[in-house]
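Here are the chains, one letter per residue:
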Amino acid sequence: MKKSLAILAAVLSFNAFANETLVVGATPVPHAEILEFVKPVLAKEGVDLQIKVFTDFIQPNQQLALKNIDANYYQYRPFLDDYNKTRHTDLVPVVGVHIEPFGAYSTRIKNISELKDGATVSIPNDPVNTGRALVLLDEAGLIKLKDPSNTLSTPRDIAENPKHLKIRELEGALLARSVSQVDLAFVFANYALEAGIDTNSALIVEKGKSLYVEYLVARPDNINDPRIQKLAKALNSDEVRQFILTRYKGQIAPGF
């Protein structure tokens, strides 16, 4: 009888250990790839890291808020802050992991000075990144904004448009596909990498701003969960720093 109870206790202990899952939402590249890299590390610590891949910028936050996933990793603070404000959620950043360059690409011109009058430029359609793209266009001298420092500018805030650029707002996931269809397309580095676009070929680029560090994000009720903290520690390790530097060869940079 004692032997049976001991075996049962061992089985229950093993199952509890084996079932310590952590479900994290991420976009494919580089977020899911970085999570795959740390998966064996988490496994050694008793955490079964399950990665749920999303191809848009809304579902990972929505699913986290609904508690269908435990955390996500795909966004920077301005986007998170705007999401919390507009969706009345209280998702919280845990640790920053990497920084992605945000750039404009073209298959029709080799230099931004070649952009013709009436050219079509595709930019993200979400409030935070619309302004981010417009600020870069202003800095490149292609347009003039009413307030060049306002990262929440919209096309209505364009004060001067000397080249009569046609601004086309698209969902983030569609921007990489638009590169061959417009004269200039702003593309997030994760989608550029996924599409095989060399981020070093951007005609306009914003690099290394700490404001745009990509974060592991959780909820107030689970931010101190040991599983979340183990993942946070793994993502901020020297091994991950080296993986980012080696794997992406400067196309993204460590943010910690």
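For clarity, every value in this text was computed on a predicted model and none was experimentally measured.

Undergrad: Help me get a handle on the side chain of D138, residues and values and all.
TA: Relative to the assigned elements, D138 resides in helix α5 (residues 127–139). No salt bridge forms around the buried D138; measuring N to O, its nearest opposite-charge neighbour K144 is 7.9 Å away. If we skip the residues at most four places from it in the chain, D138 touches I143, K144, L145 and P148.

Undergrad: Requested: an account of the packing of helix α2 (residues 28–44) against helix α8 (residues 226–235), with residues and values cited.
TA: It is at 10 Å that the axes of α2 and α8 come closest, and there the two elements cross at 115°. In the packing of α2 onto α8, the handedness of the crossing is right-handed. Residues I34, L35, V38, V41 and L42 of α2 form the contact with α8, whose participating residues are R227, K230, L231, A234 and L235. Among the residues making up the contact of α2 with α8, the classes are represented as eight nonpolar, no polar and two charged.

Undergrad: Account for the pattern of salt bridges, naming residues and giving values.
TA: Evaluation of the coordinates by the stated rule reveals six salt bridges. One salt bridge in this structure joins E33 and R247, with 3.4 Å as the shortest N-O distance. You can see E33 sitting in helix α2 and its partner R247 sitting in helix α9 (residues 238–248), a full 214 residues away along the chain. By relative accessible area, which is 23% here, E33 ends up partly exposed. By relative accessible area, which is 43% here, R247 ends up partly exposed. The residue R108 makes a salt bridge to D183 at a minimum N-O spacing of 3.3 Å. Pair noted here: R108 is in the loop between β5 (102–105) and β6 (120–124) and D183 is in the loop between α6 (175–178) and β10 (184–188), with a separation of 75 residues, a long-range link. In this structure R108 comes out as partly exposed when scored by relative accessible area, which is 46%.

Undergrad: So what about the environment of R177? Which residues, and what values?
TA: As for its position among the elements, R177 is in helix α6. Through-space distance from the C-alpha of R177 to that of A195 is 8.1 Å; in sequence the pair is 18 residues apart.

Undergrad: Which residues make up the sheet that holds strand β4 (residues 92–99), and what are the values?
TA: Within the open sheet, the six strands sit side by side as β2-β1-β3-β12-β4-β13. Their pairing is mixed. Every interior strand has two partners, whereas the edge strands, β2 (48–53) and β13 (253–254), have only one. Here strand β1 (residues 21–26) runs beside strand β3 (residues 71–76); their pairing, made up of three bridges, is parallel. Looking at β3, one finds that A26 is bridged to Y73. Packing against the sheet, helix α4 (residues 77–87) makes contact with β3, β4 and β12 (213–218), and its axis sits at approximately 110° to β3.

Undergrad: Before we move on, could you go through the domain arrangement of the protein chain and cite the residues and values that matter?
TA: Per the domain assignment, the segments of the protein chain are domain 1 (20–99 + 208–252) and domain 2 (101–203). Domain 1 and domain 2 are separated by 26 Å when their C-alpha centres are compared. The partner domain 2 presents 18 residues to the 17 residues of domain 1 that form the contact. Of the roughly 1,500 Å² buried between domain 1 and domain 2 on both sides combined, carbon and sulfur atoms contribute 57%. A per-residue breakdown of the area domain 1 buries against domain 2 is headed by V29, F57 and Q251, which together make up 39% of the total. At the junction of domain 1 and domain 2, the tally comes to zero salt bridges. Counting every contact that joins domain 1 to domain 2 gives four residue pairs in polar contact (both at pLDDT 80 or more). Those elements that provide at least two residues to the side of domain 1 that touches domain 2 are α2 and α4.

Calculation notes
- Residues numbered from 1 in each chain as written.
- Predicted model: local features only at pLDDT ≥ 70, side-chain atom pairs only at ≥ 80, totals over all residues.
- Heavy atoms only, no water.
- Helix = DSSP H or I, 4+ residues; strand = E, 2+ residues; numbered from the N terminus.
- Buried < 20%, exposed > 50% of the residue type's maximum accessible area, 1.4 Å probe, protein only.
- Lys, Arg positive; Asp, Glu negative; His and termini not counted.
- Salt bridge = Lys/Arg side-chain N within 4 Å of Asp/Glu carboxyl O.
- Contact = heavy atoms within 4.5 Å.
- Axes fitted to C-alpha atoms, helices over the stretch in contact; angles between N-to-C directions.
- Left-handed = near helix turned anticlockwise from the far one by under 90°.
- Nonpolar A, V, L, I, M, F, W, Y, C, P; charged D, E, K, R; others polar.
- Pairing = 2+ DSSP bridges.
- Domains from an automatic or database assignment.
- Buried area = accessible area lost by both parts, 1.4 Å probe.
- Polar contact = N/O pair within 3.5 Å; in protein donor to acceptor, adjacent residues only side chain to side chain.

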